[in-house]
Structures are given as C-alpha cells and as structure tokens.
Amino acid sequence: MNGEHKITSSHRERTALVYPRQSSMAQLREHTESTRSQYALADTAAALGWPRSDIEVIDTDLGISGKWGVAREGFTELVTRMCRGDVGAIFAIEITRLARSNADVARLAEFARITGTLLIDPDGVYDPADVNDRVLLGFKGTMGEMELHVMAQRLQASKRAAAERGELRTPLPVGYVHDDAGDVVIDPDAGVQAAIRDVFAAFTACGSAYGVVAAFKDRRFPLRAYGGAWAGQLRWGRLAHARVLGILKNPGYAGAYAFGRYTSRRTVDPSGTVHTAITERPRAGWPVLIKDHHEGYITWAEYLANQARLAASHTAAGARPPREGTALCQGIISCGSCGKPMMTNYHTDARPSYDCSSRRDQLTTPSCRSVAAACVDAAVAAALLDALTPGQVALALSAAGEVAGRHQRASRAAELAVERARYDADRAERAFCAVEPENRLVARSLEARWEARLAALAQAEQALQAAQDTLPPLPSRDDLEKLAADLPGLQNAPTTSARDRKRLLRTLIADVTVLPGPDRGKARIGIRWHTGATDELTIDRPAHSGTARRTPAAAVELVRRLGPATGNDELATRLNAAGHRTGHGRPFDIEAVQWIRHAYKIPVPDPYRPGEISVAEAARRLGCSTSVIYHWIHTGQLTARRGSAGRFCIPWNQQLHADCQRRIEQSGHLNPAARRTKPRQRR
C-alpha cells in the first residue's frame, strides 16, 4: 500500500478502528457490495500488522447521513477515542467521505495530527503530522465537497425541469392516484371521494379545522401508505387535526400542481448545535405552480377562500376568530388603560364578563376595568343596528360599486403590463419569422430576443394572477340587498347562533375598547369601525346583586343618627313607622338593625347602669373564666339582668365581690388547695 512505511510499532500497539458509512437505508439495501468492501477493511488492517484483537469496527452510523450538524453516535465515539490517544489508525473507504462536510474532516485531521493517528484508505496512508499529507487531504476534501455540490445541483436542476412540466412524480395525497398513463386522477374508490369531499363541506360549514375533526369524530378517514409493508394499500383511521390542515392547505385538491412548497433551513444555537427544520414557503415563493393540472375536488377560488379563513382563525398569528361563547365582543375587546386584550370569563352562560388580561401578570393599572359582557354587548349591538339604517344601507350599496371599481383599478396596472408584454413578444416573433433562415447571425440574436420577451410575458401574467388572487372576492349586489333587507331580525332571531352574531358584528366593527373613566358606576365604550371612524358610548354599569339589595340610604342615616342612644327594638319600630324597608323589601326587625350596625360600624347604646358591670369584667376582677360567671347566673347564685342589647348587666359592690371570692376559695373545682388531702374511705 502506498505510504505503508509511515506505519510504526507505536501505531500498531494501539487500536485500529474501521469506520464503514453509507448515507441512507436504501444504499444499505441496494449497494451491498460497498458495505461488504468497507467491512473488508478489517482484513486490510490485519495485513498491515495489527492484531485481530486490536481491530474494531464502528458501524453504528450505517444508514445515517454524514451532513454537517447531523448527530452521529459512531463518529462521536470515533473522535472521543482518538482524542484519548487509544487509536493508532482509522480505516475508511475514503478518508474525505468520513463526513460530507469538509469542516468535519478538517477537524478530524487536526485531532489526528495532535494524537499521532494515521488515516488510511485504499489510496494510501496519510499522516496528518506531515504537512504534505495534510495539504493533500485538504485538497481531496475540497474536491469531494465540490463533486457533491455539482451532483446535487444537477439532480435538483433535473427535478426542477420535470416539475416545471408537471411530470415530476411525488407521493400523491389521499384521494388521488396515478393511472396507467402516469396521469393524476381522482381515486376511483367512492368511499375515499366521499370522505375528501365531506372534509371540505364540513370546513365550509364551520370554518375551523377543529370543527372538521369534531364532524369526523365517529367516522374513519382514509390514508394511503407509501413504502414499507403497507405500500400502496389503503388504510382507514382517525382524522387528526394535522391531517385536516394538510388537506386544506394542499393545492393539489384544487387541481393545481405545486413544487417547492417546503424548504429546509438550518440554524445554529449558542452551543454550536446545528438544527434543521422544514418550513413552508409563502405561495408567491413556490418555484412551480401549474393550475388546472388535473381534476380537483374544489376550485382554485375555493382554495384561496379556505386559506383566507384558515389565516383568520390562526390565533398564534394574532387572529381572533369568533367562537361559540355568548359574549358578542369576545376576541375584539381590549383595555383602554393598559392596552392589553380583555379576557372573557364565563362564570355562567348567562353572566359572562370581560376582564383585563393584565391580572394574570399582576400588571393591572388603577384604571383597568372588569365589566359585565351583557351591558357592553347590548350597547355595541345597538350601535351596529343604528348604523344599519335604510339610508346607511343605501350608501353601502352605492359604495359597493366603488369598491368593485377599486378592485378593478388594483389589477388594471398588471393587466396593462401583460398587454404590453404580449405586444413585445408578438413583435419579437414577427421579427424572428421575417429573417432569412440562412442568416444565422441575425436569427440567433432575434431568437434570443423573442425568448426574453416570452419570459417577460410569463412574469407579467404571473404578477397579474398574484394580484387577482390577493383580492378577496366581493359579494354580489343581490346578496348585499338580501342581507340588508332585515338585518335587525337576522341579528335577534333565535335561530342565529352566537358565532354568526359575532361574524355579523365584525363585518363592520374592527374592535371595541373599554376606556378609563372617573365614574365607577359608568363604562365608556370606544368603537372603531372598519372604515376608520370611531364612536364613543357611555353606559351605566349594572349594579351588583348585593349592591342592588343594599339598605336604603335614608334608613341607614336614621340608624346612624339615633343608634348610639337608642336600642335595636326601638330603632326597628321607628324605621317601620317612617315607612322604610330593608333591601329585600321586608319590614325592619332587630336582626336587620343589628346588621346595619355591623355593616356601618354604628355603636350600640351603653347597656350598663351605674354600678353594673359586664360578665367579662366580673370574670377579670375575680380571676376566673366567663363560664363560671354564666354558670352562677343561670343557677341563681348571681343576680343579673338583660340589657337593651341582650347582654347580662351585673350589679356589683364590695360585699358581692367578697362573697364571690369566698365562693371561689371554698370550691375544690376552682381552687385546688381546697380539695381533700385524705383519700375517701371506700365501704
């Protein structure tokens, strides 16, 4: 072998590693000879003097791509063992193909130079410590990377050319098959056709991918397998949300052929790890889009309408689609104090409320509000219906023509560009056809000019189509007149769902804002219309149920004035005589008066006469608990009377104090010293 003299005894004393690698499982299945020759490198190592016991094969990366950034367990083990100094040589079918990235190969060669490891392939032995070998490895690595680039470029160009003709065959979505001629046709299975059409019908009815999943809750959906044991067979299973989105976003169901909808992008995180992700290109960036390529389940206009509805339902992108809840302004109402959206809380179906979402982050301002949804919705709906007067509807119908004219003007420039490009192309064609065929110098120049004009015409037609696709479809004048004929009745009809009411509201109103105000009993509502105009409403906030049943202020004022010197029974009599009633509409009693005193901190009149004390004061003076005083009162050992507030009032003097003190001293229960010192005699 070329360079065999570079192998020394120090290399043979260490392990020889054989690293076979193939990039995919298909290569392993189909290129078995390459796999066999790579395993045979172990025999080459033995022939170069390594003992069989010191030869190891690391084949854990078979079937894994060697692209830069792809995690390869075997390559990581190879580098780790080499850096430990355990490896004398690394054998591979081609050293520069240890990785498809030249950066990985260069790093491996640098580590091998430091640790004194040889790199060996059928071309010879490379010692990275030798500058000539290192330069040769670098040159071969650059050539290999360039070769891969050229091969990939040619393959991609061939794919692109076939795709531009609509002939590149890719796995078809369920509902389509290739016929004997290779054309794309609708699946002949009637069950599959019905399932696909029902998906689009369900989305048209509900406008939500999750709604389609709910419609297929008790129904199976087809899936045609590609590859593996089930290749080509039709399987039936549950319809998931991701499958629904894939069907709705696939232009193939609209009869269009698309190529390059997705692209791969690589990113590097701070740790240096490379991540590859598949991202979807915008429709304007698709390399190939051929409409009317095959029969579709829906039209192209329906496909564009479905994409617009999906975008309007994408909450992660900031959309706030109408939901099923009864709150009319849900999703379009915000707080005018902190600027954040207001959440809709459904305490019950009949009592939803709008709360500032800053409460979650504890960032609410003093002027942030929480308001009942019923009062806001009623005011906004009234403003909507007031705006839809016959005069306003007539103006809207007259403006519909202006909007249609604006749509035409928006695409008129693109139409004129197409007309101009077509004229230039026709003129270039006439010039080419007029030249003599023998005059090849002029003919080649005119042919190139004609091709350039045709390319410009194709670009202008694509620009016109893109301009027409971006404009939303306009309803007809008849549809507008039917809708406006009885709009209040449509809004208030019991058959109109909450979601339909929200859609009707959003046709004119862009958003609603709860504005701050000094009066807590009122709410200021700002309405921004789609036309850019704004209105402000001021409404009374509904009183809380407890506030609505609050005691009248006149009754509270009477208790506040007479309470400190008047008992509860007399206050109840005076309140009833003055014609006052409680918040529940009942006459006043002692309990109602006591509640007013507690709620408004109104003191009671002093129930004690001169020389009388309370139970607590008596217990404090005697040094006992209040239960002892209550026991004496209930058993007649202590005289007390009931005061105006129901409290015990005890007439107190020095003689009574001495009698009670003596009673405590003689009680074995209250005074342990008075207990018997001798045990009781048992008979």
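Notes on the structure in this doc start here. Just so it is clear, the model here is predicted, and its values are computed rather than measured.

### Here's the deal with the packing of helix H8 (residues 190–206) against helix H11 (residues 300–312)
Phase 1 of the analysis: Direction vectors running N to C along H8 and H11 enclose 50°, while the axes themselves pass 11 Å from each other. Classified by the angle their axes make, H8 and H11 are oblique. Handedness of the crossing formed by H8 with H11: left-handed. Contacts between H8 and H11 involve Phe-200, Phe-203, Thr-204 and Cys-206 on the former and, on the latter, Asn-306, Arg-309 and Leu-310.
Phase 2 of the analysis: Of the residues that constitute the contact of H8 with H11, the class distribution is four nonpolar, two polar and one charged.

### A closer look at the packing of aromatic side chains
Phase 1 of the analysis: Enumeration according to the criterion identifies ten aromatic pairs in this entry.
Phase 2 of the analysis: Aromatic pair Phe-216 and Phe-221: ring centres 5.9 Å apart, planes at 80°, arrangement edge-to-face. Neither Phe-216 nor Phe-221 differs from the other in exposure class; each is buried.
Phase 3 of the analysis: Aromatic rings pair up to connect Tyr-176, Phe-200, Tyr-253 and Tyr-297 into one cluster.
Phase 4 of the analysis: Directly above the ring of Phe-75 sits Arg-72, whose terminal nitrogen or CZ lies 4.3 Å from the centroid.
Phase 5 of the analysis: A cation sits over an aromatic face here: Arg-663 above Trp-632, 4.9 Å from the ring centre.

### Thoughts on unusual backbone geometry
Phase 1 of the analysis: Phi angles above zero are rare outside glycine, and Asp-292 is one such case at about 55°.
Phase 2 of the analysis: With respect to the helices and strands, Asp-292 occurs in the loop between strand E13 (288–290) and H11.

### Quick look at the layout of surface pockets
Phase 1 of the analysis: Size it by volume and the second largest pocket reaches roughly 680 Å³.
Phase 2 of the analysis: As for the second largest pocket, its lining consists of 31 residues, and the residues nearest its centre are Leu-168, Thr-170, Tyr-257, Ala-258 and Phe-259.
Phase 3 of the analysis: Within the residue set of the lining of the second largest pocket, elements represented by two or more residues are helix H7 (131–164), strand E6 (176–178), strand E10 (257–259) and strand E11 (262–268).

### Comments concerning the state of the cysteines
Two cysteines, two sulfur atoms, one covalent bond between them: this is a disulfide.
Phase 1 of the analysis: Throughout the structure, instances matching the rule amount to zero disulfides.
Phase 2 of the analysis: The thiol of Cys-624 is not disulfide-bonded; the next cysteine sulfur, from Cys-660, is found 8.2 Å away.

### With respect to a positive patch on the surface
Phase 1 of the analysis: Residues Arg-427, Arg-430, Arg-449 and Arg-453 make up a contiguous surface patch of positive charge.
Phase 2 of the analysis: Looking at the positive patch, the elements with two or more residues in it are helix H14 (390–434) and helix H15 (440–470).
Phase 3 of the analysis: Locating Arg-430 in the fold gives a position in helix H14.

### Concerning the pairing of strand E3 (residues 87–91)
Phase 1 of the analysis: Burial of E3 is extensive: five of the five residues sit out of reach of the surface.
Phase 2 of the analysis: Strand direction decides the pairing type here: strand E1 (residues 15–18) and E3, joined by four bridges, are parallel. The residue of E3 that forms the bridge with Thr-15 is Val-87.
Phase 3 of the analysis: Relative to strand E4 (residues 118–121), E3 runs parallel, the two being bridged by three bridges.

### Focus: the sheet that holds strand E17 (residues 370–372)
Phase 1 of the analysis: The sheet built from three strands is open, its strands ordered E15-E16-E17 with antiparallel pairing. Two strands bound the open sheet, and with one partner strand each, they are strand E15 (342–346) and E17. Put simply, the sheet's adjacent strands are angled 25° from each other on average, direction ignored.
Phase 2 of the analysis: Strand direction decides the pairing type here: strand E16 (residues 352–356) and E17, joined by three bridges, are antiparallel. Bridge pairing in E17 places Asp-355 opposite Ser-370.
Phase 3 of the analysis: Against the sheet, helix H13 (residues 373–387) makes contact with E16 and E17, and its axis sits at roughly 70° relative to E17, the strand it touches most.

Criteria and cut-off values
- Residues numbered from 1 in each chain as written.
- Predicted model: local features only at pLDDT ≥ 70, side-chain atom pairs only at ≥ 80, totals over all residues.
- Heavy atoms only, no water.
- Axes fitted to C-alpha atoms, helices over the stretch in contact; angles between N-to-C directions.
- Helix = DSSP H or I, 4+ residues; strand = E, 2+ residues; numbered from the N terminus.
- Parallel < 35°, antiparallel > 145°, perpendicular 65-115°, else oblique.
- Left-handed = near helix turned anticlockwise from the far one by under 90°.
- Contact = heavy atoms within 4.5 Å.
- Nonpolar A, V, L, I, M, F, W, Y, C, P; charged D, E, K, R; others polar.
- Phe/Tyr/Trp six-rings, centres within 6.5 Å; stacked < 30°, edge-to-face > 60°.
- Buried < 20%, exposed > 50% of the residue type's maximum accessible area, 1.4 Å probe, protein only.
- Lys NZ or Arg CZ within 6 Å of the ring centre and 35° of its normal.
- 1 Å grid on protein atoms, 1.4 Å probe; cavity = no way out; pocket = protein on both sides within 12 Å on 5 of 7 lines; lining within 4 Å.
- Points joined across faces, edges and corners; volume = space filled by probe spheres on them.
- Disulfide = S-S within 2.5 Å.
- Patch = residues over 30% accessible without salt bridge, like charges linked within 9 Å, V, L, I, M, F, W, Y side chains within 5 Å.
- Areas by Shrake-Rupley, 256 points an atom, 1.4 Å probe, with all protein chains shown as cover.
- Salt bridge = Lys/Arg side-chain N within 4 Å of Asp/Glu carboxyl O.
- Lys, Arg positive; Asp, Glu negative; His and termini not counted.
- Charge placed at Lys NZ, Arg CZ, Asp CG, Glu CD.
- Pairing = 2+ DSSP bridges.

Purely geometric stuff here, so don't read any function into it on its own.
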